[in-house]
Structure formats: C-alpha cells, structure tokens
Number of protein chains: 4
Amino acid sequence: MRDVVEIGMGKTARRGYHLDDLALVPSRRTRGSADVSITWQIDAHRFELPLMAAPSDAVISPTTAAVVDKLGGLAVLNGEGLWTRYEDPEPVLAEHGDIAAGDPIATALRVRELYAQPVRPELLAERIEHVRSTGARTAVRLSPQNTLVFANTAIDAGVDVLVIQGTVISAEHVAVGREPLNLKTFIADLDVPVVVGGCGNYQTALHLMRTGAAGVVVGYGAHRGSTTHAILGIDVPLATALADAAAARRDYLDETGGRYVHLIAYGDIRTGGDAAKAIACGADAVMLGEPLAAAAEAPCPGWYWDPSVSHPKLPRSWLHRTLDEDEAGPPLAELLVGPTADASGERNIFGALRRAMAKCGYSSVKEFQKVELTAARWVPPPSGC
Amino acid sequence: MRDVVEIGMGKTARRGYHLDDLALVPSRRTRGSADVSITWQIDAHRFELPLMAAPSDAVISPTTAAVVDKLGGLAVLNGEGLWTRYEDPEPVLAEHGDIAAGDPIATALRVRELYAQPVRPELLAERIEHVRSTGARTAVRLSPQNTLVFANTAIDAGVDVLVIQGTVISAEHVAVGREPLNLKTFIADLDVPVVVGGCGNYQTALHLMRTGAAGVVVGYGAHRGSTTHAILGIDVPLATALADAAAARRDYLDETGGRYVHLIAYGDIRTGGDAAKAIACGADAVMLGEPLAAAAEAPCPGWYWDPSVSHPKLPRSWLHRTLDEDEAGPPLAELLVGPTADASGERNIFGALRRAMAKCGYSSVKEFQKVELTAARWVPPPSGC
Amino acid sequence: MRDVVEIGMGKTARRGYHLDDLALVPSRRTRGSADVSITWQIDAHRFELPLMAAPSDAVISPTTAAVVDKLGGLAVLNGEGLWTRYEDPEPVLAEHGDIAAGDPIATALRVRELYAQPVRPELLAERIEHVRSTGARTAVRLSPQNTLVFANTAIDAGVDVLVIQGTVISAEHVAVGREPLNLKTFIADLDVPVVVGGCGNYQTALHLMRTGAAGVVVGYGAHRGSTTHAILGIDVPLATALADAAAARRDYLDETGGRYVHLIAYGDIRTGGDAAKAIACGADAVMLGEPLAAAAEAPCPGWYWDPSVSHPKLPRSWLHRTLDEDEAGPPLAELLVGPTADASGERNIFGALRRAMAKCGYSSVKEFQKVELTAARWVPPPSGC
Amino acid sequence: MRDVVEIGMGKTARRGYHLDDLALVPSRRTRGSADVSITWQIDAHRFELPLMAAPSDAVISPTTAAVVDKLGGLAVLNGEGLWTRYEDPEPVLAEHGDIAAGDPIATALRVRELYAQPVRPELLAERIEHVRSTGARTAVRLSPQNTLVFANTAIDAGVDVLVIQGTVISAEHVAVGREPLNLKTFIADLDVPVVVGGCGNYQTALHLMRTGAAGVVVGYGAHRGSTTHAILGIDVPLATALADAAAARRDYLDETGGRYVHLIAYGDIRTGGDAAKAIACGADAVMLGEPLAAAAEAPCPGWYWDPSVSHPKLPRSWLHRTLDEDEAGPPLAELLVGPTADASGERNIFGALRRAMAKCGYSSVKEFQKVELTAARWVPPPSGC
C-alpha cells in the first residue's frame, strides 16, 4: 500500500514525511533511563554517543574535534575548509562573525573570497595529526570532486574515518570529458572505513552501500539557513528518506549475506526528540551541525554556515545567527549530554534521546528503530518563557 | 479500516488527531441547557462538574482545593510540591512570580533549587487534614517513584482519591537493580480509589485498567509552556489517545463483565469546546491546570508551571505567563461556571460544555460520548476585540 | 465513497471542508459577464442579487434596509435588536462605536446592559411600517424562543419574509416543562414565506425543509469576531454543510414531488469568490453581515457584532472593528455592485460573482451550482499594496 | 486512481497541487551541470533559455525586450500597455513608482486613469520595429477582445511570435450579440506562431491546442500581489494544471499523429526550483513577470503589476513592491543566468534550473519532465541572513 498521490492526469508523486510530521508513541513498558545504552559502533570504532559532528568550519576545528571526541562523538573536519586553506584561520573565522552581522549578500561575497584560497595538502595532514596528538579519533570530509586529490594525504596522516560528502551525490556521476570518481574501486582499496552521502532515496542509498561504504549519510544537512529547496526544487523529507534507506539496507543485508551499513541522518535535527525520531525511522546515528554552533567552544560562536555558502555562482544557504547578539553560548558538554536548565530541547540532546528511549521502553539504539510512530499535525513548541 | 500512512518503504505510522482537528456536529435535535446534566460520579464520589484540577503548585493550594470543591470539582494537591516541602510556601510562591518575569533559564535554575528541598511526610499529612477540615474532599498526586514512600501517610491523613501520575507511565516499569512499584498489588490493597496516568495508547490504557484503578489519565498535560514533543519526540494527539483508551475500556468492560474505568483527559484543554470534544472522544472528565492559573485565587496568579519544570537535568516545560502584566484574573467561579462577559472560551468553561451538549441534543456526559464529529482544517479563533 | 477518517479505534469523523479549501475550475467555455444573470427568486419575491443582509444591528437599520432593497437584495431587520428595544436607538448605536474602542470585556458588559431593555412590540410594528413606507420589501428575524410572542405583530405590520433564526436550531427542540415552538404547524398557518436556520447537516436541513419553510439558512454566520468553535467545540465547515443540505433538498424534492427549498449560505463569506464557492456547493443565495458593516451608511460604521455578543452568561463573539480608525467606509453600492478600485475582493462582491460565473461559462445561479471544484492547500491573499 | 475528495453528500472535488506542495527527488545518477542543456525551441525559434518574459509594463519595454533576447529568452511586449498608449511612456512609468508608494486604492484609481488612454496602432508598430532594429526577436501580447483589431498591425510590423492572452480564456467564448474571436480560423490564416492562454484544465488546454497554437500558457500568472482567488474564487493549482495540460498534449499528439504543442507555465514561479518543478509537471518553458521586476533595467524598478490592475470596475491585483525602498536591483543578467551571491533562489534562476537537472541526472528539458516528485508539507525557506 504505497502512499502515492495523483498530481494531475498521469502524473503521480509519492508522499514524503518530515520528522516534524511524526511523533513517538510510548508503548506498554517504560524503563529507567540509566538502563538505556546509546552507544554506537561503526567498523572498529565504538562511541558513547550516536553522533557525527558535521564538517562545518563553524563547528569543527582541531580543538573542538578533540572536545567532541571526549564527550563521546565523532567529529568530522572539513578537509576543504578554512583550516586546510589557511595557516592560521583564527582571524578569518573571527571575520566571519563580524561580516555576518552586516548585509547578507556582502557577507556572502566576502565569504566566497575567503574560501577562494587553495586547499594545501600539508595543512590537511597537519590538522589531522594535531587532532590525533590529543588522543582523539579523527574524521575528515572531502568532496567527491576532490577525493582523489586529497584522500591519500588524509590517510597517510592517520585519519580514522573518511567522509566523502556532497549535498546530493550518487554512485554514478556522469561528466563528459572528465574521469569521475569510481567510489567502488576507490573504497575497495582503502583500509579506513568510509562514510558517503548525502542521499535521499532507496536506489541511491543501495548503490552507495554497494560501493563498500561503512556508512551512508541520509539527507543534505538542511538547517535554518539553507535554501536548497527554494533554489533547486530538491528536498528530502527526512523521515521518508531514512525509511527508504533502511529498506535498502535490509535488501543489501540479504544480497550480501549480512553486511550492515550504518545510516547517519543529517538535516532538520535540532533536539533529542528529532534525533529519536530519526532513529525511529532507521538511523543508527545523527550528524549535527547547526545545533553545535551555539557552543561556547565553537570556532565562531553564534554563527553557522555550511560549505555551500561559499559557492562561486549560486550559494545555497545563508550564514546565519544561532545566538542572539551578546548571548553567551553554553558549553558543548551541556548541548550534548547536559545537565541543562533550558527547556527548549536544544540542550542535553543525548540525555533527551536516552530518556525518550526509556519512556518508550527500549534499551538500545538498534531496538529503538522499531518504536511506534504517529503522524499528526505539527504544533510548534513555545519559544521559551 | 485503520488510518495508517506509509512513511517510507516498510515503515508505517498511524495517523493521530488533536482536539483542534475536530469539531462537534449538532444533529437533528436541540435541548434547553437547563435540562442538561454534567455531573460526574467516580467510585463513591459524585461531583457537580466532570473536573479534576491538576496537581500544579501554580493552581492547587489547600485553600484553592476547597474553592474547587465548593464549585463542584475535585482538586488534586501535588504531594511532592511546595506545600509538602515548605512549612510556609507562600514566600516561595511569591518568588516564583518575581523570578519568572526574568530570564527563563535563570528562572529554571532557581525553581530547581526551590524544589530541591525534601518532601516532609508530616507536611503532607497536615495539608490533607487542612483541606478535610473545610469539609472538602481531597485528592493527592504522587509520582510513581515515590508512591510507596508517601502513600500511607496520605491515606492515614484521610485522602479521598489517590492520583499516581507521571508524564508517561506504564503498568510495567523496568528498572535494573530497583524494585519498581507494582501497581496491581499496590492498588488491590488500598481502600481509596486510585487514578493513574498519564498514558497515550490502547495497550497502556488497558494495562493500567487492569491494575484496578478507578480512573486513568489520558495525555501528559500539554500546555502552552510544555516542550515534551520537541525534547523527547513523544506526543499524544489527544483525540486519538482518548478514542483508543475508550476502546480499551470497552474491552476491559467485556473482560471483567462490567467494571467501568473512568478516563480523565489531560492536556490541550483550554475551553468548554475543548472539554466537549474530549468527552466526544471518550473522556468522562477533564483535568485542568493551565486554564485555572489565571484565577484571582491562584497561588501565584498569572503564572503556570507543571512539575516537570524543576527536573534537575532536563526540564520539559517553561514557567510561563497566563495573564498580562498588571492584568487582574477573574474569580475561579467565573472560569469554571460563569457567568462571564469574555468571549474567548477560556471562562465559564463548564457553562459552555453544558450549552455544547444542549445544542447537540444530549443530556448527560456519558451519552455525549456518542456525538458526531467532523475533521476539518483548524482555523484559529480571533484573539479578542 | 464517504470521506471518513478514523480518529482512534472505533471512533470516526467525517471530513469537512471550508470554502477556503476549495477553488472554482473554469472549464472549456467562457462567457461575457453582461450575459450572466444573478437574479434570485424566492416564493413570490424576485431580487436582482442573491443576497440577504444579515439581521445584525451593526448592518441593518430601517434606513439601510431600504438601501439594500434598492441595490437588489433583501435586508433582514433584527426583530429583537436595538431598533425594537429603543424608541431612538441612534445614541445607543453611537455608544457602541465609542465603547468598542476600549477594553473588550468592559465593552461586552456594557453591550449586554444595553440589550437588556425589553423588546417592545409596537416598535417592531413601527420599524416594519417604516421600511414598507419607502417602498422596500421587509424581512424580520425572530429567535425561535420568541417567535410565538412577536410573529403576529410582524405579520400584521406587513412583513414580507419572516426569518426564524438562532445560531444552531433544529426542527425538534426538547425543553422539559416548556412548550417548544412547533415549526411545522406554525409555518403551515402563515401566509408569508418563512426562512429558518441556521443548520449544518443533512438531517437537520431535511427536517427544517419539512416544516414548510421557503428557505433554510446553512451555517451560523461565522465572522472574524466569532468564537463559537472555541467556546462550544461546534463548527460547520460551510462547503460540506451546503453540499449536505443540497442533498437534503434533492431528497425533499423527490419526497414532495417538486417542492424546492432555497439554501442561504451564512458565514465565512467575505468576497465574491466566497459567494461563488458557496453557490458551487449548493447555495441559492448568501447572507452577508460583517462584509457590509464597513459601509458608509452602516448604523455604526466600522464595527460589527452579531446577536450572540449580548448573551448574559456566555457571549460567543466579540464586537470588532471592520475599518481602521479614521478610515472612511465605501458606500454600500460599491461593496455590493461596484465599481471599485479595491483589489481585496471585499468590494463589488456581486460584480465579482457575475465575473466568476462568466469566466466559468455559466449564465444563471442555479446552473452555476454544477461548476467544477478543486481542493487545494489555501494560500492567503496579499493584504493589500 | 483519481485523487478525488467528497466535499459533502453527492459533491466531489478533485485535489489540486501547487508547485510548493512538491519537491524533486534526485535519483541514482548525477551529472556535471556543464553537460546539461536548457535550450528551448518553439516553431522555428531557438532560445538559450526556456523563458518567456511576461507582458507586464513593469518588466518589458522595447529596451528590456532586447536585453532579454540577448540573455537567451523571449520577451513579450504588452500590445495594449503603456508603450502603445503613449508616445513617451517614461514619465508615466516613473509616476507609477511614485504613486504606488501611497494609498493602494488611490494608486489603483490613478493607474486606471493612466491606462484609459487609447491604444494607438502606429505606436504598436513602432515598438515592434524598435525591438527588431536591435536584432532581437519580438513577441507581442494582445487580449482576446482586441486581437482582431491589432493583430495585423503587429504582424505587418514583423512580430515573431503572437501571444493571445487573458487571465482565463477558452477556445469557445460565448457573448450574446457580439462576434467572438474564432481562434481556430484566425490562427490557421497566420504565418507567425501563436501562443494562447491562460488555461488551467485538460479540456481547455486540448481545445486551445486544436486551434493550431504553437504554445499554450498554463496558469494565470499568480504573483504576490494578485487576488484572483479571493475575488473570483477561481484558482489554478499549477502543478495539477500542468500535468493535466501535459495529458492533453499526449492525447493531441495521438490525434494529430505528432503535432507537439508547447506548455508555458505562468504563475507562482519565483526561483529556479519553481521552474524545475514546473518542468517536472510537464512545462516546456516558464513565463516570468514579477521575478524580473526587481531588475536594475526594469522600466519601473522595484514595482510590479499585471494588466488586471487597471480594470475599470474590479481590479484583481495590487501594484506592489518587489524591492525595499532605496534597495538597488541586480542586473537582469544576474537574475536570469547569474552568477549571484544571493542565496534566496530569486537570482540566477536558470543557473539553478541547470544545477537541479544535473543533480537529478537529466540532460535536457524534455527528459527532465520525467523526474520523480515527492509531495510533502511545505516548509517556508528562511528569509535571508
């Protein structure tokens, strides 16, 4: 019974659901939250939290990568961001905060300029080594276009997880007159686990799984400043995309006799409730960018942007505020694992996830993928006070 | 014909409805409102109004409990609130009004501190005796965690109805290394009627009925300041939850050969129209908190909060205003039974219920559960003037 | 294929549609608007416009009744309003405008007081005779409760159409110890045509048709200040109510071998587009109140209220503004038949109806009831400039 | 499986979809955007962009027509606009900007007056010749009422494409006592290709195709200032209208053994994403008005209006702002083909279309009509910064 609507004569569309369209339904059993495990294991790596911190320069520096590791998550450094373009990116990051308070288009032009500096492989290696030197695990994100250029540098420097990520990618990129990245042969030759994405439907997810990736990113990282839907008409209702990717995983498990590929949900996740719903739809972990940009330790506290902001011809997001002017951000620890006195849901995200699982009677992330859902009209929460 | 949607391949969700999604449909007969009875009888207790006043310190003190009794409802004192933690809670309540006007997070931190005082059994007994001394009936709410600790004190002090209530509870709580409350054996041994909740689905409602409870609370008391959906991803579309619980009641009636368990609707009920729709979905009575916090007699007039606001790690609601600054609240009598000159629906709630039943041609609450409903797009009412 | 949703287990609701949920679909033919007739004939009376002006003191005085007649509609005087309670209601009407600008509850209290004066039969007769003396036709509205008291006075004074109207009425009112109005025997004895209402479903509409009424009002006159849905939980999605009443009309036509009862749509109609959609759902005419309150000739220009505002215990609407302060209202002629330079849709309402019919290729109101409809997400129109 | 809802007993409506209700779903393949072609060929004319610039005096003057041609689109001059009513319309256009900042009704009255000047055939000829003299192709729009009066003048002056366009037209216009335009015989006699519209359903589209038109406009050009839905109750959910017209095209292809009629989508298209979705529903090209009114070269920069604003009795749109006061508009080139630093989606519209196609794996407009769609709840994009 597929949920298909007729747009017009002979033209149909499948109905898609956002996380906001859904809610969890607690069932007959409840649990103590201390008895719930939210650990996540991908390949040989075990994490206290089912978390990847998104490869945004507004969130992950070598320093914050170490903090995220300590708190239990896996931070992803943007391999093509400011830290690999500038010897000392601190003044450049500080400038982001300054210019962003002005006219958005002037800001975008300046950001584009700042990102026009070339990526320097030696800086990439240096950043990875810096994180490793703290004892933390490191992940680095490369774009599909530049993976062949920089991957070896990253691997040689000891990266633990390689993330190949564009807004929307496929396992079959067609480009006349250029040799595209063949993910399948590329990944087969690597020793480090690879996470690829983003994607938004069954078929792409299945093809990406067949590349040998350890994890697939589902969603394109939609946040309060992103305009991809308006600009391109493309959108990924995340609940539907995750459920479809989970179906692909089941089929791939069957086809391979047991190879399990992790799904990392990315976009529209701001609270523990959002994370819980993503898992309910099939995710194994969540990738968080914008929600961490308010942290006191963030490279440019109170501002968030993703790599698309610096596109030379058609940026698909705005650099935007995540704190009020003069508002001090909470420590990353409060955002991720609490405690907090903030009732908005944007802090103690994983404490909230743990409680959601407890109240629904589940004790592990994998089990929680079976929790019951209801689809009801979304009622926005109060804004606070 | 279940109302199920396909979220994605192999993943479904049941559609849920809020009270706001529905409206009553008057049918071929109308009645005079004087001919309508809205009395409510649970166990040996008969009330003029189908009303439980919610166990919020912002609404129920020993004094307001007596007023609610006089007006025809059953007030529930929070057995773990300020009145059982402080010899004299009046200054503490006054401080709530003062601090709440400031920064919401600072407020939450201070409220948490104020609630950190231990509950004193002798104060619990004293409060109950105080209410009884006015000739009023008393109900006390205990959390499932503390029921075994305080229930005997409450019963010995002469409580008429015991309310065991958490946001979301179940008849089967699993907690490693701790002995959970066994509701079934606990209730079987008691002489006073017990009301338990909240719950939000058929199975939990049925299990809670099987504990021997006289009433089950459906819903978690959502109000304008609650953020449970955002924080945990859990929501209870109340119309659906009530209809499901009513189905559980029918099955339980059959299974027991006639034991009728009352359903008390709690959350998103602000007007007589909301109460009428809750009954239409299967409720026997409504629990009101926030709508009574504006009363002139309220302990901290113009402010509302529920017990979750003082959670030490993850509060799930804000302390919020229910009156404009310097606005005087109406007497509780006007809010509950009128008359009023206010057309917002938030006053004369039970006069409105009575008229709704009359215009639809019904003369008792039980009969009114059969009234016809329509599901239409919600159009918000005008804000007044 | 009924459009029914499952609210919860064993509980269903029928889906209801507002006019705003629908749009007209022009089909293969278009017409010149000069070739379209929008005349309306009910009983022996023929009108240039399919219009009844609602019995609100904010709209209809003996003077404006004559203006409405001249422009082609039928004005309904409120037989229990200010004009039949006061020898000279002008100062009272002026006071409405003054007090209404203040606190809404104080306003409601004062309005209640002003309406507490008793209705005087001799004034009712005088008002009717005044309107007749201008050569205009007269209609008068009485409440079901007072119809037996005042109807003879109105008929003796020469009323052309009698309107028996309450918010929600039925052909079978049950009131213990009081003799209710028996519409059937009452109407059978009268020589003047009777319009009755409001109603909102098939069964009530059918029963009201069987009383011998010439017309049935569908809807309860919802306007921007009415709060009936919030207060009582009752709502009448007008498109559905009209379609159901039209089905009742077909069945009644069959059962009587040809007696045609007119449907007058009342509520949520502000523009010619709304009127066109009401007709598309089955209406023969529309009753307009609030949209005419902005007229320069209105008794209290820029303010609107309906009779429910003066209820002694539970008013179900607010007295509210329809013009900005110091804004001058357009003549009634511009509102009804244009021309206008206002693009909001709130002026030249019947010129717009005529054009809508022309663009859809229809030439009479009765034919236009067959126009094709589409149900799409409502997009609010721009607010002007 | 038609998507039909029951409004009420015996009354149905077909569900209609706006472009905003839909999103594109990228599938298993992606492409480089340089490999995508968005050229458009209608009759003998080939364009770099699938674009007709709408016949609004706020957008197209002889000068901007040439700029649009240079950038790759086809500009349509309003044959009954200011440029054919005034020898020198520049002061009149300037006055539009001045008066529009004032009271909207006074503005509408003045605009009506300015448009009351008669159309002068010699000016029509002159304007066409002016555009041709720049080497650009010319299209002219005439209303159905005046087509017979002015078409020969336009053709003799060398117009390349004739556009016969009213808000809603049909191939069968009925007007008592007047000889209507017979599109079929009229078009058969012409040597220039004709585009006709707007229309909104299968049957009208099919009949318009049978007139011999080269293209059919689908939609009535809804923009932020248009109020047609409110005024007339008529609306054209564009996604549904395009899909239905595409079905008509398939049937007409079959009936003629291969005559392909182009569909031009008009209304609610503001971004490349909107254009992409229109094509996904069946369009071959888009007609843009309001989005181009912000251009620095626009005749009255920052203001938009369509011909309906000057209607003598019932205007159906407002003259409205498209730029903030003192905001400078970007060049037309940035709006159409970029590059841009604006992330709103309103600039580099066709660069965005090209990227949308690339990310979905398609290389031509015709192929792209097959892209997969999802129907999800619309989430409005951020407003910028």
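Everything numeric here is computed off the predicted structure, so don't read it as measured data.

### Some remarks on the overall build of chain A
At step 1: Helix and strand content of chain A: 13 helices and 18 strands.
At step 2: Taken against the 2.2 N^0.38 rule, which gives 21 Å for 385 residues, the C-alpha radius of gyration of chain A at 20 Å falls within 12% of a compact globule.
At step 3: When the backbone C-alpha atoms are referred to their principal axes, chain A occupies close to 55 × 55 × 50 Å.
At step 4: Counting only residues that meet the buried cut, chain A has 64% of its 385 residues in that class.
At step 5: The contacts in chain A between residues at least 6 apart in sequence include a share of 66% that link residues at least 24 apart.
At step 6: For chain A, the computed accessible surface area is about 13,000 Å², with 49% contributed by carbon and sulfur atoms.
At step 7: The average position of the 36 basic charges and that of the 46 acidic charges among the side chains of chain A differ by 7 Å.

### Some remarks on the interface of chain A and chain D
At step 1: Taken together, the contact between chain A and chain D spans 58 residues of the former and 61 residues of the latter.
At step 2: For the pair chain A and chain D, the two sides together bury roughly 4,900 Å², of which 58% comes from carbon and sulfur.
At step 3: It is Glu6, Ile7 and Met9 of chain A that lose the most area in chain A upon contact with chain D, and together they represent 15% of the buried surface on that side.
At step 4: Here Asp21 of chain A and Arg377 of chain D are joined by a salt bridge, their closest N and O atoms 2.6 Å apart.
At step 5: Summed over the shared surface of chain A and chain D, the result is 31 residue pairs in polar contact (both at pLDDT 80 or more).

### Description of the pattern of salt bridges
Pairing between side chains of opposite charge can happen when their charged atoms approach one another.
At step 1: Under the counting rule described, the total for this entry stands at 75 salt bridges over all chains.
At step 2: When the shortest N-O distance is used, the salt bridge between Arg14 of chain D and Asp244 of chain D registers 2.7 Å. Note that Arg14 of chain D is positioned in strand E2 (residues 11-15) and Asp244 of chain D in helix H9 (residues 238-256), a separation of 230 residues in sequence. The same class applies to Arg14 of chain D as to Asp244 of chain D, namely buried.
At step 3: One salt-bridge network, in which partners are shared between bridges, spans Arg224, Arg270, Glu290 and Glu346 of chain A.

### A closer look at the interface of chain B and chain A
At step 1: Each partner contributes to the interface: chain B provides 58 residues, whereas chain A provides 61 residues.
At step 2: Between chain B and chain A, the buried area comes to about 4,900 Å², and carbon and sulfur atoms account for 58% of it.
At step 3: The largest share of the area that chain B buries against chain A comes from Glu6, Ile7 and Met9 of chain B, three residues that together contribute 15% of it.
At step 4: For the interface between chain B and chain A, the tally reads two salt bridges.
At step 5: Of all the elements in the fold, those that place two or more residues in the side of chain B that touches chain A are strand E1 (4-8), strand E2 (11-15), helix H3 (104-114), strand E11 (172-174), helix H7 (202-209) and helix H8 (228-232) of chain B.
At step 6: Along the lines of polarity and charge, the residues of the side of chain B that touches chain A split into 27 nonpolar, 18 polar and 13 charged.
At step 7: Bridge count between strand E18 (residues 373-375) of chain A and E2 of chain B: two bridges; the pairing is parallel. Within the sheet, the bridge partner assigned to Ala375 of chain A lies in E2 of chain B and is Arg15 of chain B.

### Comments concerning the side chain of Asp21 of chain B
At step 1: Topologically, Asp21 of chain B is positioned in the loop between E2 and strand E3 (22-24).
At step 2: Asp21 of chain B gets classed as buried once you look at its relative accessible area, which sits at 9%.
At step 3: Here Arg377 of chain A takes part through its side chain, which lies 2.6 Å from a polar atom of the side chain of Asp21 of chain B.
At step 4: Beyond its immediate chain neighbours, meaning those up to four positions away, Asp21 of chain B contacts Arg377 of chain A together with Gly16, Thr374, Ala375 and Ala376 of chain B.

### A word on the relation of the copies chain A and chain D
At step 1: Under the fitted operation, chain A is carried onto chain D by 0.0 Å of movement along the axis and a turn of 90 degrees, and the coordinates agree to an RMSD of 0.0 Å. The transformation relating the two chain copies, once decomposed into turn and shift, fits a four-fold axis. Distance from the rotation axis, computed per C-alpha, reaches its smallest value in chain A at Arg377 of chain A: 7.2 Å.

### Quick look at the pairing of strand E15 (residues 285-288) of chain A
Residue and element names in this part refer to chain A.
At step 1: What you see with E15 is no split at all: Ala285 and Met287 on one side and Val286 and Leu288 on the other are buried throughout.
At step 2: The pairing of strand E7 (residues 51-53) with E15 spans three bridges and is parallel. When the bridges of E15 are listed, Met52 appears paired with Met287.
At step 3: Taking the sense of rotation as the criterion, the β-α-β connection linking strand E14 (residues 262-267), helix H10 (residues 272-280) and E15 turns out right-handed.

### So, the environment of Gly233 of chain B
At step 1: For Gly233 of chain B, the location among the structural elements is in the loop between H8 and helix H9 (238-256).
At step 2: We classify Gly233 of chain B as buried; its relative accessible area is 0%.

### Comments concerning the relation of the copies chain B and chain A
At step 1: Screw-axis analysis of chain B against chain A gives a translation of 0.0 Å along the axis, an RMSD of 0.0 Å, and a rotation angle of 90 degrees.
At step 2: With a heterologous cut-off of 20% or less, the 3% of interface residues of chain B that recur at the interface of chain A puts this contact in the heterologous class.

### So, unusual backbone geometry
For residues that are not glycine, phi is negative in most cases, and the peptide bond is trans in most cases.
At step 1: For the peptide bond that leads from Gly197 of chain A to Gly198 of chain A, omega is -5 degrees, which places it in the cis range.
At step 2: Considering the arrangement of structural elements, one finds Gly198 of chain A in strand E12 (residues 194-199).
At step 3: A cis geometry characterises the amide bond from Gly338 of chain B onward to Pro339 of chain B, with omega recorded as 0 degrees.
At step 4: Positionally, Pro339 of chain B belongs in the loop between helix H11 (332-337) and helix H12 (349-360).
At step 5: Non-glycine residue Asn348 of chain C carries a positive phi angle of around 55 degrees.

### Here's the deal with H10 of chain A
Residue pairs spaced three or four apart in an α-helix point in one direction, given the helix's 3.6 residues per turn.
All names here are of chain A.
At step 1: A large share of H10 lies buried, amounting to nine of its nine residues.
At step 2: For H10, the set of buried residues is Gly272, Gly273, Asp274, Ala275, Ala276, Lys277, Ala278, Ile279 and Ala280.
At step 3: Once H10 finishes, Gly282 follows within two positions and takes phi at roughly 130 degrees, a positive value.

### Regarding the packing of aromatic side chains
All names here are of chain C.
At step 1: With the rule as written, the count across this model stands at eight aromatic pairs over all chains.
At step 2: Here Tyr362 and Phe368 contribute two aromatic rings whose centre-to-centre distance is 5.7 Å and whose plane-to-plane angle is 65 degrees, an arrangement assigned as edge-to-face.
At step 3: Since its relative accessible area comes to 0%, Phe368 is described here as buried.

### Side note on the arrangement of the chains
At step 1: The least C-alpha distance between chain A and chain C, which are not in contact, is 11 Å.
At step 2: Contact between chain B and chain D is absent, and the least distance between their C-alpha atoms amounts to 11 Å.

### Some thoughts on the confidence of the model for chain A
At step 1: The share of residues in chain A with pLDDT of 70 or more is 99%, and the mean pLDDT across the chain is 94.
At step 2: Overall fold confidence for the complex sits at a pTM of 0.97, while the interface term, ipTM, reaches 0.96.

### Regarding the sheet that holds strand E1 (residues 4-8) of chain D
At step 1: Pairing in this open sheet of four strands is mixed, and the strands run E3(C)-E18(C)-E2(D)-E1(D) from one edge to the other. The open sheet has two edge strands, strand E3 (22-24) of chain C together with E1 of chain D, and neither has a second partner. Within the sheet, the average angular offset between the axes of one strand and its neighbour, ignoring direction, is 40 degrees.
At step 2: In terms of strand pairing, E3 of chain C meets strand E18 (residues 373-375) of chain C through three bridges, oriented antiparallel. Across the sheet, the residue bridging to Leu22 of chain C is Ala375 of chain C, located in E18 of chain C.

Reading the values: rules and limits
Residues numbered from 1 in each chain as written. Chains lettered and ligands numbered in written order. Predicted model: local features only at pLDDT ≥ 70, side-chain atom pairs only at ≥ 80, totals over all residues. Heavy atoms only, no water. Helix = DSSP H or I, 4+ residues; strand = E, 2+ residues; numbered from the N terminus. Rg over C-alpha atoms; globule rule 2.2 N^0.38 Å. Buried < 20%, exposed > 50% of the residue type's maximum accessible area, 1.4 Å probe, protein only. Contact = heavy atoms within 4.5 Å. Areas by Shrake-Rupley, 256 points an atom, 1.4 Å probe, with all protein chains shown as cover. Lys, Arg positive; Asp, Glu negative; His and termini not counted. Charge placed at Lys NZ, Arg CZ, Asp CG, Glu CD. Buried area = accessible area lost by both parts, 1.4 Å probe. Salt bridge = Lys/Arg side-chain N within 4 Å of Asp/Glu carboxyl O. Polar contact = N/O pair within 3.5 Å; in protein donor to acceptor, adjacent residues only side chain to side chain. Nonpolar A, V, L, I, M, F, W, Y, C, P; charged D, E, K, R; others polar. Pairing = 2+ DSSP bridges. Least-squares fit on C-alpha atoms with pLDDT ≥ 70 in both. Right-handed = clockwise from strand over helix to strand, strands pointing away. Phe/Tyr/Trp six-rings, centres within 6.5 Å; stacked < 30°, edge-to-face > 60°. pLDDT = per-residue confidence, 0-100. Axes fitted to C-alpha atoms, helices over the stretch in contact; angles between N-to-C directions.

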